[in-house]
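Notes for the structure review
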Amino acid sequence: MHKKAEELMFADLLRFREDGRIDLFNNAAFLLPSEFILKMEEHLSPEEIYVLAKKIPLPIIKILSDREMKELERLDFLLQLAEVLGMGSISVPNFDQNNAAHQVIITNTNPNKVSCHHTRGYLASIFSDALKKNFECEENQCVSRGADSCKFTISVKG
Ligand SMILES: [Zn+2]
């Protein structure tokens, strides 16, 4: 499941530090630790969280593209990274890069996990990078409102 992420962790090319830093191929990238995000969320609107979260994967995308990792491989790796970081178990049913919209389902979400507005921003950002479109992400159902999984739709807004 986390093939690439595990391979890199095993080779010591991917390390997670307690302060939220990630070392990837000996480059440091900063991912906000969840306690910090939760704290930040007390003071920000959902839209502000979403907009900020879109920036979170950018340093990692830069490291991966500098190493010439291909777009779809990057998307796959960034989804694996989110799983390893505890975002939940992520699936993208019927993925086809030519689809106008993409569905993402996240199950086993930890009740202490960062909010879905943060997740939405992260997903919008990594899909936009991989598929070269200006995607936005909406959440259609959420475990915090009693659903069995969180479901997101990623599409270009008209
Ligand atoms: Zn949710």
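The present account deals with the structure reproduced in this document. Model, not experiment: these values are computed from the prediction.

What to know about the pattern of salt bridges
For the structure on display, the rule yields eleven salt bridges. Between K4 and E7 there is a salt bridge, and its shortest N-O distance comes to 3.6 Å. Highlighted residues: K4 and E7, both in helix α1 (residues 3-10), separated by three residues, approximately one helical turn. Residue E7 is classed as partly exposed on the basis of its relative accessible area, which comes to 40%.

Structural notes on the environment of Q97
Of note, Q97 is situated in the loop between β4 (89-91) and β5 (101-107). Considering only alpha carbons, one finds Q97 and A11, 86 residues apart in sequence, at a separation of 30 Å. Once you skip the residues sitting within four places of it in the chain, Q97 turns out to touch L72, H102 and L131.

With respect to the sheet that holds β5
Taken together, the four strands give an open sheet; going across it, the order is β4-β5-β7-β6, and neighbouring strands pair in antiparallel fashion. Single-partner strands in this sheet number two, and they are β4 and β6 (135-141). Each strand of the sheet is rotated relative to its neighbour by a mean of 25 degrees, with strand direction disregarded. The pairing of β5 with strand β7 (residues 150-156) spans six bridges and is antiparallel. By the bridge assignment for β7, I105 is matched with K151. Across the sheet, helix α6 (residues 116-131) is in contact with β5, β6 and β7; its angle to β6 comes to roughly 140 degrees.

Conventions used here
Going along each chain's sequence as written, the residues are numbered from 1 onward. This being a predicted model, a pLDDT of at least 70 is required before a residue's local features are given, and a value of 80 or more before pairs of side-chain atoms are given or counted; all residues contribute to the totals for chains, interfaces and linings. Water and hydrogen atoms were dropped before computing side-chain values, which therefore reflect all heavy atoms in the structure. Take a side-chain nitrogen of Lys or Arg and a carboxyl oxygen of Asp or Glu: if they are within 4 Å of each other, that pair is a salt bridge. Only DSSP runs of H or I with at least four residues qualify as helices, and only runs of E with at least two residues qualify as strands; both kinds are numbered from the N terminus onward. Here's how the labels work: a residue is buried when its accessible area is under 20% of the maximum for its type, exposed when over 50%, partly exposed in between, all with a 1.4 Å probe on protein chains only. Working rule for contacts: check all heavy atoms of both residues, and any pair within 4.5 Å makes them a contact. When DSSP locates at least two bridges between a pair of strands, those strands are taken to pair. Here an angle of 0 to 180 degrees is reported between the N-to-C directions of two axes, which are lines fitted to C-alpha atoms, with helices fitted over the stretch in contact.

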